[in-house]
Amino acid sequence: MSAIDGHTSTDDRYTPTDRTVPTRSRKRASYDRAVVHAILDEGYVCHLGFVRDGAPVVLPTLYGRIGERLYVHGSTGSRPLRMAAAAKAATATADPGLPVCLTVTHVDGLVLARSAFHHSLNYRSVVVHGTAHQVTDPEELRAALDALVDQVLPGRAADARPADARELAATAVIRLDLEEVSAKIRTGGPHDDPADLDLPHWAGVVPVAPRTGTPVPSADLDPSIALPAYLTAL
């Protein structure tokens, strides 16, 4: 197995744990590997949570997926990267890593019920618990950076200059294996109480979807450079 292969398994489901079984609405939870991957692959912004000096910290940042690994972007001066590096430096033997919780969420609809209590959202989310490690292998780091670029816009990494040595030195990436993982999904309309069905209030779902606008070329772009296919496909 190469440095970028990550954890592999023939199992099509993640194993539930105490941390990945929700305390509410358990029927909405999914441990299906394909479902988790699909939710992750549709996004590019995650929220990374960790503890610093005894207090919780949650940071929004970019991520990319290669197989059963997530790669999270940061600069060498960012808080989680400094903490991951410090944890490694403090241990003479193995890299202990940084305990983290990573989440990705898509909002698909506003669920409007007749009662305020039953208002909700239709959503798809993934929660990953685990230990993050700083990527130091050059091959893995380059592959991770390509994955981060392609996560935002598939095909873009091959259509841009790769990072040079100076840029690589200023960029840091942490790796998180997909092992302790769960998805949670809500679909459908409002769940009003039977006693409220005759109330004179509109009820239903307002769909929510991301929208991509027309690409705007840079002011200094050579006009002979055509719009690439991966952008026209948007």
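Rules used in this analysis
- Residues numbered from 1 in each chain as written.
- Predicted model: local features only at pLDDT ≥ 70, side-chain atom pairs only at ≥ 80, totals over all residues.
- Heavy atoms only, no water.
- Helix = DSSP H or I, 4+ residues; strand = E, 2+ residues; numbered from the N terminus.
- Buried < 20%, exposed > 50% of the residue type's maximum accessible area, 1.4 Å probe, protein only.
- Contact = heavy atoms within 4.5 Å.
- Areas by Shrake-Rupley, 256 points an atom, 1.4 Å probe, with all protein chains shown as cover.
- Arc of directions from axis to C-beta.
- Polar contact = N/O pair within 3.5 Å; in protein donor to acceptor, adjacent residues only side chain to side chain.
- Phe/Tyr/Trp six-rings, centres within 6.5 Å; stacked < 30°, edge-to-face > 60°.
- Lys NZ or Arg CZ within 6 Å of the ring centre and 35° of its normal.
- Expected span 1.5 Å × (residues − 1).
- Salt bridge = Lys/Arg side-chain N within 4 Å of Asp/Glu carboxyl O.
- Pairing = 2+ DSSP bridges.

Trainee: Looking at this model, I keep getting lost on the overall build of the chain. Mind explaining?
Mentor: In terms of helices and strands, the chain carries five helices and nine strands. Order of helices (α) and strands (β) in the chain, N terminus to C terminus: β-α-β-β-β-α-β-β-α-α-β-β-β-α. The buried share of the chain, taken over its 234 residues, is 35%. Contacts in the chain between residues at least 24 apart in sequence constitute 73% of all its contacts with a sequence separation of at least 6. Here the chain displays about 13,700 Å² of accessible surface, and carbon together with sulfur accounts for 57% of that area.

Trainee: Can you walk me through the environment of His191 in this structure?
Mentor: Tracing the backbone shows His191 in the loop between strand S8 (180–186) and strand S9 (204–207). Accessibility expressed as a relative area gives 46% for His191, which makes it partly exposed. Taking the C-alpha atoms as reference points, His191 and Leu112, separated by 79 residues in sequence, lie 9.4 Å from one another.

Trainee: It is not clear to me how helix H1 (residues 33–42) should be interpreted in this structure. Could you clarify?
Mentor: Residues three or four positions apart in an α-helix share a direction because the helix packs 3.6 residues into each turn. Taken as a whole, H1 has its buried residues at Arg33, Val36, His37, Ile39 and Leu40. Each buried residue of H1 sits inside an arc of 165° when the element is viewed along its axis, so together they form one side. Of the residues flanking the start of H1, the one acting as N-cap is Asp32, its side-chain oxygen 3.0 Å from the backbone nitrogen of Ala34.

Trainee: Got a minute to help me understand the packing of aromatic side chains in this structure?
Mentor: Aromatic ring pairs: the centre-centre distance and the angle between the two ring planes describe each pair. Summed over all chains, the structure comprises zero aromatic pairs. Between Arg33 and the ring centre of Tyr14, over which it is positioned, the NZ or CZ distance is 4.2 Å.

Trainee: I'm lost on helix H3 (residues 138–152) in this one. Help?
Mentor: Taking 1.5 Å per residue, 15 residues should reach 21 Å; H3 reaches 22 Å between its end C-alpha atoms and fits that length. Where H3 begins, the side chain of Asp137 points an oxygen toward the backbone nitrogen of Glu139, at a separation of 3.1 Å.

Trainee: Before we go on, may I ask you to explain the pattern of salt bridges in this structure?
Mentor: Close approach of charged atoms allows side chains of opposite charge to pair. Applying the stated rule across the entire model yields 13 salt bridges. Two residues, Arg69 and Glu140, come together in a salt bridge whose shortest N-O distance is 3.3 Å. Here the residue Arg69 occupies a position in strand S4 (residues 69–75), and Glu140 occupies one in helix H3, the gap between them amounting to 71 residues. The shortest N-O distance in the salt bridge between Asp177 and Arg69 comes to 2.8 Å. Of this pair, Asp177 sits in strand S7 (residues 171–177) while Arg69 sits in strand S4, placing them 108 residues apart in sequence. You can call Asp177 partly exposed: its relative accessible area is 22%. Because the salt bridges share partners, they merge into one network encompassing Arg69, Glu140, Arg175 and Asp177.

Trainee: What is the right way to read unusual backbone geometry from this model?
Mentor: As a rule of thumb, non-glycine residues mostly have phi less than zero, and peptide bonds are mostly trans rather than cis. Its identity as a non-glycine residue notwithstanding, Ser25 has a phi of 50°, on the positive side. Of note, Ser25 is situated in the segment before strand S1 (29–30). The phi angle at Asp53 is positive, at roughly 55°, despite the residue not being glycine. As for its position among the elements, Asp53 is in the loop between strand S2 (45–52) and strand S3 (55–66).

Trainee: Help me understand the pairing of S3, please; the structure alone is not making it clear to me.
Mentor: In this sheet, S3 lies alongside S2 in antiparallel orientation, the contact comprising eight bridges. Note that in S3 the partner of Leu48 across the bridge is Leu59. Once S2 ends, the chain turns through two residues before running back antiparallel as S3, passing Asp53 with a positive phi of about 55°.

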